[in-house]
Amino acid sequence: MEKAENKYVKRTQKDYSMSFKLSVVQEYESGKASLCYLQRKYGIQGNQTVKRWIEKYGNFDISNKTLRPMEKSKDQELLELRQKVRLLERRNARLEKELEQKDMKAEFFDMMIDIAEKEYDIDIRKNSCPEQSPNIKKKNP
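Residue numbers here run from 1 along each chain, matching the order of that chain's written sequence. Thresholds applied to this predicted model are a pLDDT of at least 70 for local features of residues and 80 or more for the giving and counting of side-chain atom pairs; totals over whole chains, interfaces and linings are not thresholded and use all residues. The side-chain figures draw on all heavy atoms in the structure; neither hydrogens nor water molecules are used.

Draft legend 1. Spotlight on the UniProt feature "domain: Insertion element IS150 protein InsJ-like helix-turn-helix" (unreviewed entry) in the chain. UniProt positions are given in the numbering used here, feature names are shortened, and annotations may be inferred rather than shown by experiment. Per the UniProt record, "domain: Insertion element IS150 protein InsJ-like helix-turn-helix" (unreviewed entry) is annotated on residues 20–59. Secondary structure elements follow DSSP: runs of H or I no shorter than four residues count as helices, runs of E no shorter than two count as strands, and numbering proceeds from the N terminus. Secondary structure within residues 20–59 divides into 68% helix and 0% strand; the distance between the first and last C-alpha atoms comes to 16 Å.

Below is the structure:
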């Protein structure tokens, strides 16, 4: 008879990604959740794990329950920069698509004006150098 395998695997700090840790810390610092709630919500086993993350990565002094200025670690800065790059890349792609649509729209309107000018034999576009009306008298100095 074979022994049933134990499917329970104890997790360690190394199992959690840096982005996950930072998001948990940010959620705590925003005041949306308590330490116990976050531990239950994400299935974090250690009682002090979230607290250590806050002390290590957060801007919150958990012992005094106040915000403190804290230098960001290289990992935090790198992660934030990567997120900013991804956000800017998405924004750039969206803006390029909008620009392409605007260019197509402008080209379409030009074609419509050309067709209207031919069909009705009228000038719709303004001349670059409008001539003065014959009704306007020039003043002599």
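There is more to say, and it comes next.
Draft legend 2. The arrangement of helix H3 (residues 49–57) in detail. Accessible area is worked out with a 1.4 Å probe on protein chains only. A residue is then buried under 20% of its type maximum, exposed over 50%, and partly exposed in between. Among all positions in H3, only Thr49, Val50, Trp53, Ile54 and Tyr57 are buried. Projected onto a plane normal to the axis of H3, the buried residues spread over an arc of 140° and lie on a single side. This arc describes the spread of directions from the helix axis toward the C-beta atoms.

Draft legend 3. Broad picture of the packing of aromatic side chains. Aromatic rings from Phe, Tyr and Trp, taking only the six-membered ring of Trp, are treated as a pair when their centres fall within 6.5 Å; an angle between ring planes under 30 degrees marks them as stacked, one over 60 as edge-to-face, and anything in between as tilted. Tallying each qualifying case throughout the model produces five aromatic pairs. Taking the centre distance of 5.4 Å and the plane angle of 15° together, the rings of Tyr16 and Phe20 count as stacked. Between Phe108 and Phe109, the ring centres sit 5.8 Å apart and the planes meet at 55°, which makes this aromatic pair tilted. Take Phe108: its relative accessible area is 44%, and that puts it in the partly exposed class. Owing to a relative accessible area of 45%, Phe109 belongs among the partly exposed residues under this scheme. Joined through ring pairs, the aromatic side chains of Tyr16, Phe20, Tyr42 and Trp53 make up one cluster.

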